[in-house]
Amino acid sequence: MSTPPLASGPHGPDALRPLLDTVLGALATGAAARGGPLPAGGPDAVAARVGDALGDVLPEHGDPDALRALVHTLAAGAADPADPLCAAHLHCPPLAVATAADLAVSALNPSLDSWDQAPAASALEARVTGTLAARLGLADAIVTTGGTEANQLALLLAREAHGAHVRLVCSAAAHHSLPRAAWLLGLPDPVVLPAPNGTLDPAALDAALTELTGPLLVAATAGTTDAGLIDPLPDIAARCAAHGVRLHIDAAYGGPLALSDRHRALLTGLDAAHTVALDLHKLGWQPVATGFLAVADATELDALHQRADYLNAGDDTEAGLPDLLGRSTRTTRRPDVLKAAVTLRTLGRTGLADLIDQVLLLARDFADRIEAHPGLELYDRPTLATVLFRPAHASDDTVAAVRRTLLHEGRAVLGRARADGRLWLKATLLNPHTGPDDLAHLLKLAEGHTPA
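Below you will find a few notes about this structure.

Cut-off values and rules
- Residues numbered from 1 in each chain as written.
- Predicted model: local features only at pLDDT ≥ 70, side-chain atom pairs only at ≥ 80, totals over all residues.
- Heavy atoms only, no water.
- Patch = residues over 30% accessible without salt bridge, like charges linked within 9 Å, V, L, I, M, F, W, Y side chains within 5 Å.
- Areas by Shrake-Rupley, 256 points an atom, 1.4 Å probe, with all protein chains shown as cover.
- Salt bridge = Lys/Arg side-chain N within 4 Å of Asp/Glu carboxyl O.
- Lys, Arg positive; Asp, Glu negative; His and termini not counted.
- Charge placed at Lys NZ, Arg CZ, Asp CG, Glu CD.
- Helix = DSSP H or I, 4+ residues; strand = E, 2+ residues; numbered from the N terminus.
- Buried < 20%, exposed > 50% of the residue type's maximum accessible area, 1.4 Å probe, protein only.
- Axes fitted to C-alpha atoms, helices over the stretch in contact; angles between N-to-C directions.
- Left-handed = near helix turned anticlockwise from the far one by under 90°.
- Contact = heavy atoms within 4.5 Å.
- Nonpolar A, V, L, I, M, F, W, Y, C, P; charged D, E, K, R; others polar.
- Expected span 1.5 Å × (residues − 1).
- Parallel < 35°, antiparallel > 145°, perpendicular 65-115°, else oblique.
- Core = buried A, V, L, I, M, F, W, Y, C linked by side-chain atoms within 4.5 Å.
- Pairing = 2+ DSSP bridges.

So, on to a negative patch on the surface. On the surface, a cluster of negative charge is contributed by D116, D309, D315, D316 and E318. With 3 residues, helix α11 (residues 314-318) is the single largest residue contributor to the negative patch. A relative accessible area of 32% places D316 in the partly exposed class.

This is the structure:
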């Protein structure tokens, strides 16, 4: 057997071209075989089809058709976020230009743990993170795998700044990664405040901050996972300032509104935070993973610094080679910033803002349709691109069954959320290509599976 070709180097592009044709063809045939937003039959049927296609994971002799067969199988068994009826999660359809940029990263395979592995990528990352941080009104930012890592790093920086007894204060609607991060870091048990309206109540927060002692970290949210709500950030920031308490804002979902002239006022108060989580594989249309943590004080990132002589020897740093180990808690790290940089340059601020405005208007249109439908009930008017609704007069068991039936049949992907003591169907409308007919179809599917 001849030595397999490499993806980079002088002959890399020539080796990739026929393979890309194979991949693109398999993506097309797989999507056609799926025929909808996700595969029909449920988990057992999908697992059986994968097993049949995969066969022996490590055969004695290789199969030259493996690339085509497995990409086809993955596409046929995918929940496709580009399908308008796939609307359950903060799982965006990635832009083609961002996906193409991601291919270049895979081919070149830089690693951002030392400058000599990623010369251009390290310079690119520094420019892009600085620009995004400035847009949020903060000093600097580092790249993360998403909101979960950004939240964990925010708690880590708070611990390093205020000691191991710093205590997280958040609402019951905060992302689960925040209390989990407190557990991972060995911090005291969080203080979780009730959120009867889905957001952090400033008066309840003020009362808690008055009673609690010791160093505290308040975590507010700009875009809750369940309902897409934004906490009253200016009032929360004022309470934190009055009590001398550190503030983190999880803006993984809603942070990109900073790009929109129409909607950025919803983020008023964001620049008062000490740290902010941002995630562009939600309202940024990037392939996973593309997250950031922005900081108000760039020197706080010094807490992440590590010394490994083979990566950032002191004399190399003194000679001018950038030290990258303090830009993440990870070592090997791909330059996920390239796809974001390509997108920002290709679309510009106004191009991305147009997409954001479009999907938020789409959510409002969807809410209008629900309100006008006698057989459906709307939870509330949407703040972002998330809409909660349910069949009118249905039990929670019926709502859950509607969702699972649509999933099993492969006809639609709707999420679920509990609010106001009841279970709701959740539509997260992140596809800017979704049209009025798609919205009508989605409602018809939900209505059609409602028992009489």
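The relative placement of two packed helices comes down to the angle between their axes together with the axis-to-axis distance. Remark: helix α4 (residues 96-108) packs on helix α12 (residues 337-371), axes separated minimally by 8 Å, with the N-to-C direction vectors making an angle of 145°. Handedness of the α4/α12 crossing: right-handed. Seen from α4, the contacting residues are V97, A98, A101, D102, A104 and V105; seen from α12, they are L338, K339, V342, T343 and T346. Taken together, the residues that form the contact of α4 with α12 break down as 7 nonpolar, 2 polar and 2 charged.

This brings us to helix α6 (residues 147-162). In an α-helix, one turn spans 3.6 residues; hence positions three or four apart end up facing the same way. The terminal C-alpha atoms of α6 lie 22 Å apart, and with 16 residues this matches the ideal 22 Å at 1.5 Å per residue to within 8%. Listing the buried residues of α6 in full gives G147, E149, A150, N151, L153, A154, L155, L156, L157 and A158.

At a minimum axis separation of 10 Å, helix α8 (residues 202-211) and helix α9 (residues 233-243) run at an interaxial angle of 15°. Here α8 lies roughly parallel to α9, going by the angle between them. Crossing of α8 against α9: the hand is right-handed. On the side of α8, the interface is formed by P202, A203, L205, D206, L209 and T210, while α9 contributes D235, I236, R239 and H243. In terms of residue class, the contact of α8 with α9 is made up of 5 nonpolar, 2 polar and 3 charged.

Our focus in this paragraph is the nonpolar core. Core analysis: the biggest nonpolar cluster contains 56 residues, and V218, L247, I249, V276 and W285 have the highest contact counts within it. Counting residues per element, this core draws most heavily on α12, which supplies 8 residues. Those residues in contact with V276, other than ones at most four positions away along the chain, are L136, L138, H248, I249, A251, L270, F292, L293 and A294. Ranked by size, the runner-up nonpolar core spans 27 residues in total, among them L406, A412, L423 and L443.

Further remarks concern the sheet that holds strand β4 (residues 216-221). The strands making up a sheet associate through hydrogen bonds between their backbones, and the pairing can be parallel or antiparallel. Taken together, the 7 strands give an open sheet; going across it, the order is β1-β7-β6-β5-β4-β2-β3, and neighbouring strands pair in mixed fashion. Each edge of the open sheet carries a strand with a single partner, namely β1 (140-144) and β3 (191-193). Taken over all neighbouring pairs, the strand axes of this sheet differ in orientation by 20° on average, direction set aside. Pairing geometry for strand β2 (residues 167-171) and β4, over 4 bridges, is parallel. Bridge assignment links V169 to a residue of β4, and that residue is V218. α9 contacts β4 and β5 (246-251) of the sheet and is inclined by roughly 175° relative to β4.

Nothing here speaks to function; it is all geometry.
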